[in-house]
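# Structural overview
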Amino acid sequence: MIGLLVTGATGLVGVFTIRKLVRLGHRPYVLVRGRSPGSREIALMAEQGLVRSLAGDITQPGLGLAPEIRNELREQVGTVLHLAADYRLSIDASSADKTNLGGTENLLDVVSRWNLRAFHHVSSIVVAGDCPGLVAEAPIEKHGHFRNEYERSKWLSEQLMVKAARRFPVRIYRPGVIVGDSRTGETTKFDGPYAALHLARKFLPFIMPGDAENSFPLVSVDLVADVLTAGLAEPPHELEILHVLDSDPPTVMELTRAWLHGLTGHEWIVRVPRGLASAARHLPGFHRMTGLEPQALEYLVAKWTFSTDRFAVFCERHGIERQRVKANLDALLAFYALQHGRRLYG
Amino acid sequence: MCSAHILMTGATGNLGNALLWELLREPGQCSVTVIVRPGRADYLQWQLAKRGLEDPSRMHVVEGDIRRPFCGLADVPLPAPVTDAIHCAADIRWDAAPTELFETNVSGTRNFLDLTDMLHRRNPLRAVSIVSTAYVCGTRAGRIAEDGARFGAFNNSYEISKWLAERIAAVRRPYHVYVVRPSTIVGDERDGTIQSFSGIYYPIKLFWRRRMRWFVGKSNATLDIVPVDQVARTLLRAHESLRTDIRFIHACAGMDAPTLKQVMLEIISTLGGKTGRRSRRAPRLLRPALVRTVAPLAPFLPSKAGRALKNAAIYSGYVGVERTFDNENARQLGFPRGAAFKLSKQADFAIAHEFASAERRFQQGRP
C-alpha cells in the first residue's frame, strides 16, 4: 500500500485499525491531537517507529501542520483514512460544525493538491436521520429531520465527500452503534447498550421502551477495523458507500436479558410505553445515572432498517465474518465487569 | 529440547523462573531469549545465581515490556531465530486494579502473540505456550473438562482477565498454541524453591506465626496444589512432543488433589514438630458464603481484623468448592499420576526465607 494518512487514530476505531495495519507491516502517518484514551498506545507505537506520529489538529486550517510536513505528506501519501470526529450526541451546533464539518473541510482543502488514489471517510448510519423505511447504501440527498447536531454535521460532511468524489475515488463507511471487541470486549466508551449495565450496577431496573423486539444496529469495533483494513487495500471506484453492521445483531431485549443476568443474577426489566421512555430523558440526573446521553434514548425506540447488500458482498469478497456480537455478548460483559471491578454471576 | 531457541516472558516469576532453571541446568543445545522489564536483568541474574547458575551462556536477556505493542521489540534484533515461545508473564494479584489486570494479562497476551506472529513470518515457529490458570473455570464445581473455558460466574477480576486472555489465544494461528493451566502453584518438590509466597503459603505463614485459630473454607473442598517444577516439565514436554491434538493442558493434581482438611492436617504435621506444639488442633472453619457476606464490613473493623477478613474473603472462592480438574492431556505429557501430596520441603524453604519474596530479599540485599 502506498503512504497512508489516518486522522482520529487515537479514537476507539482508530486504535483498533492502526493495530491491524501495523500487524500487516504498514507504517501509516497518524494525525494526533491532545489526549484520547488511545493516545498512549499510539505514542508507544510511534516510539518503535511503527507509526509516524504528526501533532496536528483537523479543526485548524492546514491541519495545524507545518508547510514542510504537508509537503512531505503530499509526496508520500496516496490514501487518506478520515476517522476524526466528535461523536457526542449532545454536541452543540458550533462544536459540531467546527470538528465534524470544519475538520472534513480542512482535510479536503489540504488534500486537494495531492495526487490521491483513494479517500476513505468514516461516517455513521445516523446520517439517515429520522427518515422512515429502508436506507440504501447510497448518498442521502434530501433530508427531512435530524435528531441532533451530530447527525446534521455528519450528513453535511458526507455531502462534502460526495462532491469530492468527482476529484478522487471515495468510499464512505457508515458503521452502526459501536460496541467493544468481540474477542476481549475491549472498548474505551461504555455508551449505547452499555446503559443497561450502568443501571444494573446501581441496582436500578432497566426501563425498556415498547416491546424491545427491534434489533439494535450494533457493530463490534473489530469488525469495523477489519472492514477498514480490507477497504484500504482495495481502492474504491468513484463513490462507494457501505453500511458497516453486524449481520445478526441481538434484539434490545435479548442483549439486556443476557447482560443483566450475567452481571446481577436477576433480570429486572420494567416495560413502559415508548412515549414514557422518551420522556425519561428529561428527568434530572438522567445522564449521570445511566451514563447515557439523553439524546441516545431516541435511538432506543427507533425502528430502522438498513440495506447491507453491498456490505455483504464486500465482506464475502474479503472473507470477513459479519456476525460477531450475538455470540460474544459474554466477552463484552466480562470486559465491562472487569473495568468496573465487579464479579460475574454467569 | 535440542536445537530449540525459546523466547519467554515472566522469567522472574514463579513458573517462568522454574522453567528457565529446567532449561539451563542441564548441559544442552537449546538457548533462551528472555524478555524482562527494563532494569530487571540484574534481579534475574541474582535469582539464577541463587540456584547455582552463574552467568549462563545459553541465555540472552532483552529488555521489553508486554504492555507495549509487540512487547516493545518490533525493531529489536533477537540473537537467534526463535523456534518456540512461552508466555508466563502475568499479573496474578487477585485484587489488583482492573485496568492493570487488563493491560498486563489481556493486552499483554495480545502483544506477545503479535510479536510471535511477526517472528513467525521471519522464521517459522513450532509452538507457542500461553500460561493461563485452572481457575478460569470460575466458581464451577464438579468435573472441570480440559477444553475451552466456558463463561460463567467468576470469583474476581483476575479470573475474568485470564478468561479474556484465553479468548485471544483461541484465535487460529499458523503455529500450534498450547494453553497451560496450572492450579495453585507451590515450590519445587525437591527443594521447595519458589520466588514469592502467595496462595497456600498464606495459611502456612499464619500457622507458623501461631495465629491460626480460624480459617475460611469447607473441610471437604478440593485444594488443587501442584509443585512448580511439575508444571514446568509438563510444559516443556508439550513443546518437545509437538502434540497438535493437545491444546489445553491442566497442569493440576486432578484426582490426586487433597481436600482442605487434608491440607490443614499436612501443614500441622509438618510444622507441628518445628513449633514444638505437636497436638495442635486444626483451625475452625468459617463458611465461605458467610465470610463473603460480612466482607463489606472489613473497612470498619480494627486494622488487623479488617485485613484478616479481607484476605479471608479473597480466599473464600478457592476453599469452598468440590471439583476435579481433568488432567488427561497433562498425564499424557508425563504429569505424574498418584503423586503423594507433601508440603514439608516447601514449608522449610518458606520458613528459611521468612516468607519474604525473592524480589524483596534482592532489594534489601538479603541472602
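Residues numbered from 1 in each chain as written. Chains lettered and ligands numbered in written order. Predicted model: local features only at pLDDT ≥ 70, side-chain atom pairs only at ≥ 80, totals over all residues. Heavy atoms only, no water.

### With respect to the packing of aromatic side chains
On inspection of all chains with the given rule, the structure shows 23 aromatic pairs over all chains. Their ring planes at 75 degrees and their centres at 5.1 Å tell us that Phe190 of chain A and Tyr194 of chain A sit as a pair that is edge-to-face. Among the residues examined, Phe190 of chain A registers a relative accessible area of 18% and is labelled buried. Judged by centre distance (5.0 Å) and plane angle (85 degrees), the rings of Tyr135 of chain B and Tyr318 of chain B are edge-to-face. Remark: Tyr318 of chain B occurs in the loop between helix H9 (303-316) and strand S14 (323-325) and Tyr135 of chain B occurs in the loop between strand S5 (127-131) and strand S6 (142-144); sequence separation between them is 183 residues. (Phe/Tyr/Trp six-rings, centres within 6.5 Å; stacked < 30°, edge-to-face > 60°. Buried < 20%, exposed > 50% of the residue type's maximum accessible area, 1.4 Å probe, protein only. Helix = DSSP H or I, 4+ residues; strand = E, 2+ residues; numbered from the N terminus.)

### A look at helix H3 (residues 98-122) of chain B
All names here are of chain B. Taking 1.5 Å per residue, 25 residues should reach 36 Å; H3 reaches 35 Å between its end C-alpha atoms and fits that length. In the structure, H3 departs most strongly from a straight axis at Gly108, where the bend amounts to approximately 35 degrees. Most of H3 sits out of view: 20 of its 25 residues are buried. (Expected span 1.5 Å × (residues − 1). Bend = angle between axes of the 7 residues up to and from the residue.)

### Points about empty space enclosed by the protein
Residue and element names in this part refer to chain B. Enumeration according to the criterion identifies three cavities of 30 Å³ or more in this entry. Considered as a void within the structure, the largest cavity measures approximately 60 Å³ in volume. Considering the residues around the largest cavity, the lining is formed by Ala134, Val136, Cys137, Arg140, Ile144, Ala145, Asp147, Gly148, Ala149, Arg150, Arg181 and His250. (1 Å grid on protein atoms, 1.4 Å probe; cavity = no way out; pocket = protein on both sides within 12 Å on 5 of 7 lines; lining within 4 Å. Points joined across faces, edges and corners; volume = space filled by probe spheres on them.)

### Describing the nonpolar core
Formed by 120 residues in total, the largest nonpolar core has its most connected members in Ile18 and Val227 of chain A together with Leu7 and Leu164 of chain B. For this core, the element with the highest residue contribution is helix H13 (residues 329-339) of chain A, accounting for nine residues. Once residues lying within four places of it in the same chain are set aside, the contact partners of Leu164 of chain B are Arg183, Thr184, Ala331, Ala334, Phe335 and Leu338 of chain A together with Phe102 and Val106 of chain B. Grouped together as the second largest cluster of nonpolar side chains are 71 residues, Leu15, Met59, Ala251 and Phe335 of chain B included. (Core = buried A, V, L, I, M, F, W, Y, C linked by side-chain atoms within 4.5 Å. Contact = heavy atoms within 4.5 Å.)

### Here's the deal with the interface of chain A and chain B
If you look at the interface, chain A gives 29 residues, while chain B gives 32 residues. For chain A, the biggest contributors to the area lost against chain B are Arg23, Gln48 and Leu338 of chain A; these three give 28% of the whole. Summed over the shared surface of chain A and chain B, the number is five salt bridges. For the salt bridge of Glu47 of chain A with Arg68 of chain B, the shortest nitrogen-to-oxygen distance reads 2.7 Å. Counting the contacts that link chain A with chain B gives twelve residue pairs in polar contact (both at pLDDT 80 or more). Broken down by secondary-structure element, the contributors of at least two residues to the side of chain A that touches chain B are helix H1 (12-23), helix H2 (39-47), H13 and strand S14 (344-345) of chain A. With eight residues, H13 of chain A is the largest single contributor of residues to the side of chain A that touches chain B. Residue classes in the side of chain A that touches chain B are distributed as twelve nonpolar, seven polar and ten charged. As paired strands, S14 of chain A and strand S7 (residues 153-154) of chain B are joined by two bridges and run antiparallel to one another. In the sheet register, Leu344 of chain A faces S7 of chain B, and the bridge partner there is Phe154 of chain B. (Buried area = accessible area lost by both parts, 1.4 Å probe. Salt bridge = Lys/Arg side-chain N within 4 Å of Asp/Glu carboxyl O. Polar contact = N/O pair within 3.5 Å; in protein donor to acceptor, adjacent residues only side chain to side chain. Nonpolar A, V, L, I, M, F, W, Y, C, P; charged D, E, K, R; others polar. Pairing = 2+ DSSP bridges.)

### Here we look at the packing of helix H1 (residues 14-25) of chain B against helix H2 (residues 41-50) of chain B
Describing two packed helices takes the angle between their axes plus the distance from one axis to the other. All names here are of chain B. Where H1 meets H2, the axes come as close as 11 Å, and the angle between the chain directions of the two elements is 60 degrees. Comparing their axes, H2 and H1 come out oblique. Taken as a pair, H1 and H2 cross one another with a handedness that is right-handed. Between H1 and H2, the contacting residues are Asn17, Leu20 and Leu24 on the first element and Leu44, Gln47 and Leu48 on the second. Residues belonging to the contact of H1 with H2 are distributed by class as follows: four nonpolar, two polar and no charged. (Axes fitted to C-alpha atoms, helices over the stretch in contact; angles between N-to-C directions. Parallel < 35°, antiparallel > 145°, perpendicular 65-115°, else oblique. Left-handed = near helix turned anticlockwise from the far one by under 90°.)

### Structural notes on a positive patch on the surface
A cluster of basic residues, Arg343 of chain A together with Lys218, Arg287 and Arg292 of chain B, forms a positive patch at the surface. Position of Arg343 of chain A relative to the elements: it lies in the loop between H13 and S14. (Patch = residues over 30% accessible without salt bridge, like charges linked within 9 Å, V, L, I, M, F, W, Y side chains within 5 Å. Areas by Shrake-Rupley, 256 points an atom, 1.4 Å probe, with all protein chains shown as cover. Lys, Arg positive; Asp, Glu negative; His and termini not counted. Charge placed at Lys NZ, Arg CZ, Asp CG, Glu CD.)

### Looking at the packing of H13 of chain A against H3 of chain B
In the contact formed by H13 of chain A and H3 of chain B, the axes pass within 8 Å of each other and the chain directions differ by 130 degrees. Accordingly, the angle class assigned to the pair H13 of chain A and H3 of chain B is oblique. For the pair H13 of chain A and H3 of chain B, contact is made by Phe335, Leu338 and Gln339 of chain A and by Pro98, Thr99 and Phe102 of chain B, respectively. Residue classes in the contact of H13 of chain A with H3 of chain B are distributed as four nonpolar, two polar and no charged.

### Points about the sheet that holds strand S7 (residues 170-175) of chain A
Residues and elements named next belong to chain A. Taking strand neighbours across the sheet as the criterion, the seven strands line up as S3-S2-S1-S4-S5-S7-S11 in an open arrangement whose pairing is parallel. On the outer flanks of this sheet lie strand S3 (52-55) and strand S11 (239-244), each paired with one strand and no other. For this sheet, the mean angle separating the axes of adjacent strands, direction not counted, is 20 degrees. Of the strand pairs in this sheet, strand S4 (residues 77-82) and strand S5 (residues 118-122) are connected by four bridges, and their pairing is parallel. Each residue of the ladder has a partner; that of Leu81, found in S5, is His120. Of the strands in this sheet, strand S1 (3-7), S4, S5, S7 and S11 are in contact with helix H7 (residues 221-232), which crosses S7 at around 175 degrees. Taken strand by strand, helix H12 (residues 309-318) contacts S7 and S11, and its axis lies near 90 degrees from that of S11.

### Some points on the pairing of strand S8 (residues 176-182) of chain B
Residues and elements named next belong to chain B. When you tally the buried positions in S8, you get seven out of seven residues, the bulk of the element. Pairing analysis gives five bridges linking S5 to S8, with the strands arranged parallel. By the bridge assignment, Val128 is partnered in S8 with Val177. When S8 meets strand S12 (residues 248-251), the two strands line up parallel, connected through four bridges. Bridge pairing links Val179 to Phe248 in S12.

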